[in-house]
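Chain residues, written in single-letter form:
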Amino acid sequence: MGFRNWLRARRERKMQAKLLSASNLVISALTGKATEQLQSEGGWEIFGRGFSANTSEAPWQIYSDSAAEKLYVSLSIIYACTKKIADTAGVFTYTVVAFETDDKEEEFPDHPQIDLLEHPNDKMSYADFMFNLVMHLELTGVSYVWKSRNQGGFVDGLWPFPTSWVSEKTDKIGNLLNYRVERDKFELNIKTEDMIIFRYPNPGNPLQPSGPVQACFKDAQIDEERADYMIEMLENMHLPGPVFSSKESWTEDQMNVMRRMVRDKIGKGKRASPLFVGGEDSKVEMVDPLADMDWPGTAALTETRICATLEVPPILIHLRSGLDRSTYSNYGEAKRAFYNGKMIALTGKVADGLSLGLLHSEGDVDFWFKAVTDDIPELQEDIDKKHDRARKDFHAGGLTLDEYLSLIGQEPVEGRDGEMRLLPVGVVPFYPNEEIQFPTTEAGTEEEEEEGFETTEEDEEDEEEIEEEEVVDDDETGGGEAATGDEDEGGGE
């Protein structure tokens, strides 16, 4: 409990004591105590002040890291959103790369730190480790991971700690000295170089974390107050059922007969019981605060605001606000948007933290962790579009073979073939101030024939045979025509 919460609780206890005293004075006045004495004792003033309205800032709670972590188990919408994010984070894997140039990288799948990440410690699987890391980050804005070392000084384990367990120890001028982990009787002092920090920075203080759940504390409190109000009203408010009124007072026998008649119709054990009103012009005004407030609208407003802050589409966690007028195509689009938006940014942040804490701080300054997205189905659509664009550019001659292979994640080819470009059919090379050379199908020049189009003896023999056949065909055709002409002449004569 923070100091401000303690001070607020102390003021509330004092006010409750005054209200109890004032209530007793009011009850005494209503039972015959002199009003003057009540006023002189300050009962009316205190009683009125106790029910005065709060300012807009007074009701809002200040959540500590421990209170923020407890929201995970006390508020269903926080549970659903943060669990969805943390579970999805465990689907992503990471590899180690080194950048040869700004746009070219080399992958090192056998780097020893990859194996350490996949087997973080003897108590957690990779999915458990990633779940804890991301859950702490979303709830409190910062996540601490301790690097345990063996006797040789090498990192042999990764241990994520809840944020509420960790405190930073600084000197008088604010320089960080070490980290202290405390939980019940467990205490551990950790050197700064042995702690990996993941955080959402606060624009007002880059070293002070500010997470998404902290940004929706007010919405979380509204949702908590709504649920508390509803259960209190359901438990404490006793509302009558049907109201029977009469100009004359009811007798006990008449009321019992009417009760039996109503119970026979609506059944015994129902929540409501009949209420009898007697006397001329008598009536009862029944107050039903549960019906006066837009509970579905209030719930939907806070839930959608929390989902927006955590970047989780409501349809993915099956909220009513997300399921209204939704279809399966909406679900698929929302899921892809969640992966391309929230998860790509989150895995990038995790990869950077792992790079600084597991590689650079251990001497591997030329290496970086990178999330593997090739095996994530929700991200394949964009990869397919990228490959399609690269293929079109290659077919149009805009890319060399090596450039095309690099874009689609393949190894380049050896030799001059990697510099090959495709020339599209029908495209004519053109140079300014020069005559356009159109392609032709005529026979090549003598030089071209000498270089690559020389004819063989068999080709020449074949050509001679074809020419002879053409001559014979021509002779036969000519003779036939002459004979036909003579016949025509003879017949004519």
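Residues numbered from 1 in each chain as written. Predicted model: local features only at pLDDT ≥ 70, side-chain atom pairs only at ≥ 80, totals over all residues. Heavy atoms only, no water.

Section: unusual backbone geometry
Positive phi, normally seen in glycine, also occurs at aspartate 184, with a value near 55 degrees. Tracing the chain through its elements places aspartate 184 in the loop between β6 (176–183) and β7 (186–191). With a phi angle near 65 degrees, histidine 318 is a residue other than glycine that sits in the positive phi range. By relative accessible area, which is 53% here, histidine 318 ends up exposed. (Helix = DSSP H or I, 4+ residues; strand = E, 2+ residues; numbered from the N terminus. Buried < 20%, exposed > 50% of the residue type's maximum accessible area, 1.4 Å probe, protein only.)

Regarding the confidence of the model for the protein chain
When the pLDDT values of the protein chain are averaged, the result is 77; 66% of them are 70 or greater. The low-confidence segment residues 448–453 (pLDDT under 50) makes 3 contacts with residues lying over four places distant or belonging to another chain. (pLDDT = per-residue confidence, 0-100. Contact = heavy atoms within 4.5 Å.)

Notes on the nonpolar core
Ranked by internal contacts, the top residues of the largest apolar core, which has 58 residues, are Ile77, Ile78, Tyr94, Leu158 and Phe369. A total of 10 residues in this core trace back to one element, the largest contributor, which is helix α14 (residues 328–359). Ignoring anything within four residues of it in the chain, the contact list for tyrosine 94 reads Ile114, Leu117, Tyr126, Met130, Thr347, Val350, Ala351, Phe369, Lys370, Ala371 and Val372. Judged by nonpolar contacts, the second largest core, of 9 residues, contains Phe161, Val166, Val181 and Ile190. (Core = buried A, V, L, I, M, F, W, Y, C linked by side-chain atoms within 4.5 Å.)

As for the sheet that holds strand β5 (residues 166–170)
Ordered in space as β5-β6-β7, the 3 strands form an open sheet in which the pairing is antiparallel. Pairing within the sheet leaves two strands with one partner each, and these edge strands are β5 and β7. Across the sheet, the mean angle separating the axes of adjacent strands is 25 degrees when strand polarity is ignored. In this sheet, β7 lies alongside β6 in antiparallel orientation, the contact comprising 6 bridges. Bridge pairing links arginine 183 to phenylalanine 186 in β7. (Pairing = 2+ DSSP bridges. Axes fitted to C-alpha atoms, helices over the stretch in contact; angles between N-to-C directions.)

Quick look at the sheet that holds strand β4 (residues 155–161)
Strand order in the open sheet made by the 3 strands is β4-β3-β8, with antiparallel pairing throughout. Every interior strand has two partners, whereas the edge strands, β4 and β8 (195–199), have only one. Strand-to-strand twist in this sheet, taken as the mean axis angle between neighbours without regard to direction, amounts to 20 degrees. One ladder, built from 5 bridges, connects strand β3 (residues 142–149) with β8; its direction is antiparallel. Its bridge partner being in β8, tryptophan 146 is matched across the sheet by methionine 195.

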